[in-house]
Every structure is written in structure tokens, then in C-alpha cells.
Amino acid sequence: MLHFSFMARFLLPRTTFYCVPVPAIFENSKSSFSSISFKTHSQNDSFSDTKQQITTLCSKGHIKKAFESFLCDIWTEPRLFSILIQSCIPTNSVSLGKQLHSLIFTSGCSSDKFISNHLLNFYSKFGELNNAVKLFDRMPRRNYMSCNIMIKAYLEMGNIENAKNLFDEMTERNVATWNAMVTGLVKFGLNEEALLLFSRMNVLGFVPDEYSFGSVLRGCAHLRALFVGEQVHAYVAKCGFEFNSVVGCSLAHMYMKAGSLCNGERIIKWMPNCNLVAWNTLMAGKAQNRCFEGVLDHYCMMKMAGYRPDKITFVSVISSCSELATLCQGKQIHAEVIKAGASSVVSVISSLVSMYSKCGSLQDSIKAFLECEERDVVLWSSMIAAYGFHGQCEKAIKLFNDMEKENLAGNEVTFLSLLYACSHCGLKDKGLDFFDMMVEKYGLKARLEHYTCVVDLLGRSGCLEEAETMIRSMPVSADAIIWKTLLSACKIHKNEEMARRVAEEVLRIDPQDPASYVLIAGIHASAKRWQNVSEVRRAMKDKMVKKEPGVSWVEVKNQVHQFHTGDKSHPKFVEINQYLEELTSEMKMQGYVPDISSVLHDMDNEEKEYNLTHHSEKLAIAFALMTIPKGEPIRVMKNLRVCSDCHVAIKYISEIKNLEIIVRDSSRFHHFKNGVCSCGDYW
Ligand code: ZN
Ligand code: ZN
């Protein structure tokens, strides 16, 4: 008989109660290990019945029962250990698995590499890396399966170096080995290395499967490497995976992340088996490419095609509503969230909190936040950001203190929200304290976004030199945005010398950036250096740089009306124009003086004034005043920052019309009421 030898080795007398020793692997572990007793049994006339019985019990999840009946046959069929160990994973039976390990150890089966591999897998699945490593080190016979499991375990625990070393030591590998390593490298952001490994795998003759393609395409997407992605696409087609739904979605994601929306869309549309994942991929891609109307259109199409949205769908759709600032639509989707039973999903609530905040309804954000019982750090951060966006810095800070009281540690996003809130309220010292706290108390690494917030904080409060020193000495390399942040601070504090220097830095990184040209031109214009203004404009023309036109939106009776600066295309333009003229003269009687110094062109004052009056936000407000019932607040959204003249003008309008006007610009919210703005003229 096959297992006679090990029975003889242990010389177990029949019907002896035997206490299982704790294997050496647990000697130092804190896990409570209960010794178990069992009865040996050498009769196995009906062994195949027992095997069948155990397999059935395991498949139904009755792991304890299976274990009990197995104890009677333990010495006759050690291979059943594998079935039991495997069943411990889906049933979360950690302590039972450890008891099995003891039995395996005692029964002398630990030299069986199949059983050991199942044990390795068991430990790695439950995150017990130390036990997995000890077991692996003691395995007398390993195969590539053992190594594959260990590589995944190392990667799961974030130990990329050990995973790499083990991979390099392996003499025999299969596709799963390569997949594990490529996936791991992508997961840790080592995308270039992942691409190199993928190509090495192909050189060595391993044919990739859907998982290999999925991972390598994710790597291309992170790098936004369109050219490499296209090459992988060709290879996908060659290997016959073009219509595989997993690979198809990864391909579409890669194209859309790299900015090629139409290619991504085409792949999804050609997929023979369209599913919810494909719809979600498409909507997320559209949102990434700032095609927010497209997200909402596809959401309707998806529902018409009979698919039910899940939490991922909701997050894409809700964030599109917040970008478009369509409060009505956002509320409608909130109702659908409740109907779909997703109103307790924290990620969905977080996006609802930011949506309401960005649509100007801070009260609804607070309500959604308070209604959620299990708040995570993302939700807290969203609420802190919402307060910051509305200029309520004190409340943002109080919320952070509440969060600390609940023993929740803030992450990078939380601190970004706090820094943002401080910079928009001019709380320089408080903001700098938070920056230190993040690095010193929380041990978080400051990213470029954090530095940008601090530069904004310093710049706005006039510490221009300090801000410039920070950019030049920070450990991460500067991008155009951080320099632009300093550039606008130079404009506010009228430091021309630094502005010129900083503008050069911006244009060195991004020669096509229209905002920098406009800013430089603005600085020259306010000093009436028209010669320099026209030079800048010529440079823009030569480099084919187009200034982003000012656009404002206002929602009236469920319809969004769009206004471009100086645009005469609105069907009610004549009426709007007349209304604006009357309004302007009323404002002038109250003391309003148009700030013509901010106009970039060298033209006469009358022209300049006409130019100012027809800024997109003024057109939108005039139209709203003509159509929205009296007393209702007006909500206007603008793609760029509100200019200083419009800011003054809207203050007058709010006083004259005794009305609340809420303007969201590219940087924050302004609540105008009784002639003052919530930003305290600080934006
Ligand atoms: Zn304006
Ligand atoms: Zn304001």
C-alpha cells in the first residue's frame, strides 16, 4: 500500500489519541493554535466514497464537516489535504488551515510539493507572508508553481525587490510567472520596466495570454505611451485576442488615457460581447478626456440598452455632473443611486459630496456627508475640499480635527484639500503648519500638487521670493502649472521683474501655453506698454497659440445656456445687450467704475468698456436676471478665472438686485450677496 511507509515510520498504534504538535513555523507566532485530537483508522474499504463525500462537503463550503470526516481517513489519503487547504481560502478558515498544516507536518506529507504549494497559496492569500517565506525556505522540492505563488505573495506585500530576486533565480518559468512579474511592476508604477520585461518574455518565445496583455496595456496607459500601445495592439490582433472582452477594455482604456478617444470608442463599439465593464471603461475614458456631455449621453444609452449602472458607473456620471455643474441632473442621478441601492457605497457618496459642492450647493454636500455612517478617509477629504472650495476654511480645519478625533489618519489627498482651503482663505501660517504636519507627523511625502498649493499660499500672501525659492529647491521637478501659479501671484503683486523670469520658465516647459502669454500681455497692458503687448500677441500668432475663450454657463429651466465673451449668437442677444446697458448705467450711479486697465488691446476707452461689458459671465448673469423668477439665486459657471472687473461688477449687481449670485470659476466659488463676495476679494 502506497502510504504504508509513513505509517510505519510513525508507528502509530491503532485507536491511540494523538496530540498534534505545533510545527516549528508557528513557534514564534502569536496565533492561537488549538491542539486537536483524532483517532487513527486504517480501514478504508469505502475510501472512494469518503473522498467523494469530502469533495462534496468542501464544494458546498462545509469545511468543518469535511475536516471531521477526513480525520478518520487521514493516513490513507494525504492528497485530500490539498482539497481541504484549498477550501479554507473561500471559507476564510484561517485557524483550520493552520491545524491542517500541523497535520501535514506530522504526517510527513510536507515533502509533497503539491500539498506544500497549496499551503503556500493559503498563507499568501491571507497575507501571512512570514509564514509563507518560512515554508518556502524549508520546502525540499520546489517547482515553478511554488515560485509563482511566492512572487505574487511578495508583490502583494509590496516587497518588489524579493519578487525580482526570486524571478531572476528561477531556472524554469511559465507564462504565469511572467504575468505575475509584469503585473507587479505595473502595480508599483515601474511601467517602463514592465514593458521591457514583456518584450523579453516574447523574445524568449512565451506567448502572452489575456492577462499579459491586460497588464502591459495598463502600463502603456499609465505612461500614455500611444506608440508602444499601438504596437501591442497589433500583437493583440496577431494573437487573436482582439475581440476578447478583457483585452478589448484594456486596449480602449490605453487609447483613451493616451488622449485618443475615438480609437478607444471604436474598440468598445466593435466588441462582440459588450458588457457593463465595457460601458464603464468608455464613460471613464470620456470623463478623462473632459468630454463630460458624452459621459451623460452614454449613460442614457447604456440604460436604454438594458444595463444597470454599478458604483463605478455612478462615480463617472456624478463626477461629470460636477464638472458640467448641472445640479438638476446631479440630483436626478442621486435619486437613481438610492433606487439602485448604492447610497451606502462610500466612493459614490464621496463623489456626490464633491458634485454638490462644485454645483454650488454646499448644504447638500453636508447632508450627504452626515447621512453616511461609515466614513472613510476619502469621504472626509471630499468634505474638507468642499468647504475649502466655498471659502469656509475654519469649517474645513474643524472637520480635519474631528477626523483626527475619530482616529482616522489623513492621507495626501486630505492634506491637499487642507492646503487648498488655507490658500483660498489667505491663512498662510496655518497652511504652512499643515504642510509641516503632513511631512513630520504623518510621514507623508509631499507631491508636486502639495508644493503647488504651498507656492500658491506664499504667492498670494506676497511672499514671492520664498515661493520662488521653494520651486527651485523642492525635490520634485517643477511643471508648468506650479510656475503659472507663481506667475499669477506676480501679477497680483505687480512684480514685473519676477513675472518675466517666471514666464520664461513656463514657456520653456510648455511653449504652447496660452494662459502664460495672456498673463504676460496683461502685465504689459496694465503698464500701458502696447508695443510689448503686440509683440506677445505676434509671438502667439507665430506659434499658433490660441487663447482659450472665456465661456460661461447658466442653467435656466433645466436648460443650460452657454455664452462666449463678445458672442452675439444667442437668440436673445439684442434684449440681453439692452438689459446690460441699462444695468451698467444703474451700477455707475451706485459708484461702479469699469476697470479698463485689464483690457489687453490698445483701443479707445469706449471700445474697452464695451469689451468689458460683454464678458461671458456678465452676459450669462444678464440673461439669468431676465429669465429666472425674482428672488431665486443665480448660479453661473465659468471656464476661466473671473476677471477683476467682473468681480467688482457682480458685487454691485448683487446689491442693486438684492440677490444672491453664485459664480464658480476655474479656481473656486464666489458667493455674491449684498455687495460683498465670500472670497473677500481673495482669489
Ligand atoms: Zn470679466
Ligand atoms: Zn469672489
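Residues numbered from 1 in each chain as written. Chains lettered and ligands numbered in written order. Predicted model: local features only at pLDDT ≥ 70, side-chain atom pairs only at ≥ 80, totals over all residues. Heavy atoms only, no water.

Visitor: Just give me the short version of helix α28 (residues 480-492), but keep the residues and values in it.
Guide: With 13 residues, α28 extends 18 Å from end C-alpha to end C-alpha; this agrees with the ideal 18 Å at 1.5 Å per step. Those residues of α28 that sit buried are A480, I482, W483, T485, L486, L487, S488, A489 and C490. Lining the buried residues of α28 we find α26 (448-460), α27 (464-473), α29 (496-509) and α30 (514-526). Remark: K494 follows α28 within two positions and exhibits a positive phi of approximately 50°. (Helix = DSSP H or I, 4+ residues; strand = E, 2+ residues; numbered from the N terminus. Expected span 1.5 Å × (residues − 1). Buried < 20%, exposed > 50% of the residue type's maximum accessible area, 1.4 Å probe, protein only. Contact = heavy atoms within 4.5 Å.)

Visitor: Would you mind going over the layout of surface pockets in detail, with residue names and values included?
Guide: Considering only enclosed or pocket space, the second largest pocket measures out at about 550 Å³ in volume. Taken together, 21 residues make up the lining of the second largest pocket; nearest its centre are N121, K125, N148, I149 and K152. Elements represented by at least two residues in the lining of the second largest pocket include exactly α6 (113-125), α8 (144-156) and α10 (175-187). With seven residues, the top contributor of residues to the lining of the second largest pocket is α8. Across the lining of the second largest pocket, the residue classes tally to seven nonpolar, ten polar and four charged. (1 Å grid on protein atoms, 1.4 Å probe; cavity = no way out; pocket = protein on both sides within 12 Å on 5 of 7 lines; lining within 4 Å. Points joined across faces, edges and corners; volume = space filled by probe spheres on them. Nonpolar A, V, L, I, M, F, W, Y, C, P; charged D, E, K, R; others polar.)

Visitor: Tell me about the packing of aromatic side chains, and name the residues and values.
Guide: Applying the stated rule across the entire model yields 18 aromatic pairs. With 5.4 Å between their ring centres and 80° between their planes, F389 and F669 make a pair best called edge-to-face. You can see F389 sitting in helix α22 (residues 377-389) and its partner F669 sitting in strand β7 (residues 669-673), a full 280 residues away along the chain. When the ring of F400 is compared with that of F434, the centres are 5.5 Å apart and the planes differ by 90°; the resulting orientation is edge-to-face. In this pair, F400 is assigned in helix α23 (residues 393-405) and F434 in helix α25 (residues 428-440), connecting sequence segments 34 residues apart. (Phe/Tyr/Trp six-rings, centres within 6.5 Å; stacked < 30°, edge-to-face > 60°.)

Visitor: How would you summarise the packing of helix α20 (residues 346-358) against helix α21 (residues 362-371) if you had to cite specific residues and measurements?
Guide: A pair of packed helices can be characterised by two numbers: the angle between their axes and the separation between those axes. Close contact between α20 and α21 brings their axes to 7 Å; oriented N to C, the two are set at 165°. The angle between α20 and α21 falls in the class roughly antiparallel. By crossing handedness, the relation of α20 to α21 is classed as left-handed. Between α20 and α21, the contacting residues are I349, V353, Y356 and S357 on the first element and L362, D364, S365, A368 and F369 on the second. A per-class count over the contact of α20 with α21 returns six nonpolar, two polar and one charged. (Axes fitted to C-alpha atoms, helices over the stretch in contact; angles between N-to-C directions. Parallel < 35°, antiparallel > 145°, perpendicular 65-115°, else oblique. Left-handed = near helix turned anticlockwise from the far one by under 90°.)

Visitor: Can you lay out the nonpolar core for me, pointing to particular residues and giving the numbers?
Guide: Core analysis: the largest hydrophobic core is formed by 70 residues, its most contacted members being L120, M150, I151 and F213. Ignoring sequence-local partners within four residues, the contact set of I151 consists of A163, L166, F167, M170, T177, A180 and M181. One finds I366, M438, V455 and M498 within the second-largest nonpolar core, a separate group that totals 67 residues. (Core = buried A, V, L, I, M, F, W, Y, C linked by side-chain atoms within 4.5 Å.)

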